[in-house]
Amino acid sequence: MNPIDHNVASEEIEKFSALAHGWWDEHGEFRPLHQLNPHRLQWIRDHVDLQGKSVVDIGCGGGILSESMAAVGAKVTGIDLAEASLQVARLHALDAQLDIDYRLVSAERYAQEVPAQFDVVTCMEMLEHVPDPASILQASASLVRPGGWIFLSTLNRNAKAYLFAILGAEYVMRLLPKGTHDFAKFLQPSELAAMGRRCGLETADIAGLEFQPFSQQFRITQDPSVNYLMALRRPPA
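Let me sum up the structure you'll find in this document. (Residues numbered from 1 in each chain as written. Predicted model: local features only at pLDDT ≥ 70, side-chain atom pairs only at ≥ 80, totals over all residues. Heavy atoms only, no water.)

Our next topic: the environment of Asp-101. Position of Asp-101 relative to the elements: it lies in strand 3 (residues 101-104). Discounting residues that sit within four places of it in the chain, Asp-101 has contacts with Val-76, Thr-77 and Gly-78. Within the local environment of Asp-101, its side chain forms a polar contact with the side chain of Arg-103, the two groups lying 2.7 Å apart. (Helix = DSSP H or I, 4+ residues; strand = E, 2+ residues; numbered from the N terminus. Contact = heavy atoms within 4.5 Å. Polar contact = N/O pair within 3.5 Å; in protein donor to acceptor, adjacent residues only side chain to side chain.)

If you want it as structure tokens, here you go:
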């Protein structure tokens, strides 16, 4: 493997490739992503008007977030390293009559190919699945234009997150397949913000994503103790 494409766990690609057929089943394995997607989309739109903006969605999977951003007027490129997921994404976008450019390429390689070409970079529910999340932050910082936005979501690393995101979501409520997450790869907000600073990025906002078991719905909160969102900006030139 070319050194620039080092930041991938083959077992993660295999795992998501095996599940690729279910990306758009709103009652299947990816149900939580469908439930939280309207909230993360609105949170992004609270910070930036996506109409006409160029966006790259890193780790786009089957295109759930990519499609929702394209539907509100963004010019979206989705990148991923799971070809099976990209095939699903392309077919679904065609059916939805959305013009989305899906590419099989790593964030690091794409950052070298098209630096500073995007107004917005999104990377949701991916950082906890790669060996080197700092490398993704550096690629994001390279991809975004000066003054542009980077939106991330991942899982905090603490006892509460282990209880709710792994024991609760995977073993008790079975919202996710067992083994979806590795607790050791979770990132505390302070760690993620520090990675951003090392890449020349400024932290603009942090919010929590809370799952309510009785309503079976997500909501945005001010508590980032389990799932959280982070908005960073590349300073203007």
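What helix 8 (residues 189-198) keeps buried is the set Pro-189, Leu-192, Ala-193, Ala-194, Met-195 and Gly-196. On its buried face, helix 8 sits against helix 6 (133-143), strand 5 (144-155), strand 6 (202-212) and strand 8 (227-233). (Buried < 20%, exposed > 50% of the residue type's maximum accessible area, 1.4 Å probe, protein only.)

As a further point, take helix 3 (residues 64-71). Across the eight residues that make up helix 3, a large majority, seven, are buried. The inward-facing, buried residues of helix 3 abut helix 2 (31-47), strand 1 (54-58), strand 2 (75-80), helix 4 (83-95), strand 3 and strand 4 (118-124). Looking one or two places after helix 3, you find Gly-73, whose phi comes out positive at around 105°.

This next bit is on the packing of helix 6 against helix 8. Close contact between helix 6 and helix 8 brings their axes to 9 Å; oriented N to C, the two are set at 45°. When the interaxial angle is binned, helix 6 and helix 8 end up oblique. Read as a crossing pair, helix 6 and helix 8 show a hand that is right-handed. Here helix 6 contributes Pro-133, Ala-134 and Leu-137 to the contact with helix 8, which in turn contributes Leu-192, Met-195 and Gly-196. (Axes fitted to C-alpha atoms, helices over the stretch in contact; angles between N-to-C directions. Parallel < 35°, antiparallel > 145°, perpendicular 65-115°, else oblique. Left-handed = near helix turned anticlockwise from the far one by under 90°.)

This part is about the pairing of strand 8. Each regular strand carries side chains that alternate between the two faces of the sheet. The buried fraction of strand 8 amounts to five of the seven residues, a majority that puts the element mostly inside the structure. Pairing of strand 5 with strand 8 involves seven bridges; the strand directions are antiparallel. Across the sheet, Phe-151 pairs through a bridge with Ala-231, a residue of strand 8. Looking at chain direction, strand 6 and strand 8 are connected through seven bridges and run antiparallel. Residue Glu-202 lies in a different strand from strand 8, and its bridge partner there is Arg-233. (Pairing = 2+ DSSP bridges.)

Within the structure shown, the criterion is met by four aromatic pairs. Centroid distance Trp-43 to Phe-151: 5.9 Å. Interplanar angle 80°. Geometry classified as edge-to-face. Of this pair, Trp-43 sits in helix 2 while Phe-151 sits in strand 5, placing them 108 residues apart in sequence. Arranged with centres 5.6 Å apart and planes meeting at 5°, the rings of Trp-149 and Phe-151 form a pair that is stacked. What makes Trp-149 buried here is its relative accessible area of 11%. Through pairs of rings, three or more aromatic residues link up here, namely Trp-43, Trp-149 and Phe-151. (Phe/Tyr/Trp six-rings, centres within 6.5 Å; stacked < 30°, edge-to-face > 60°.)

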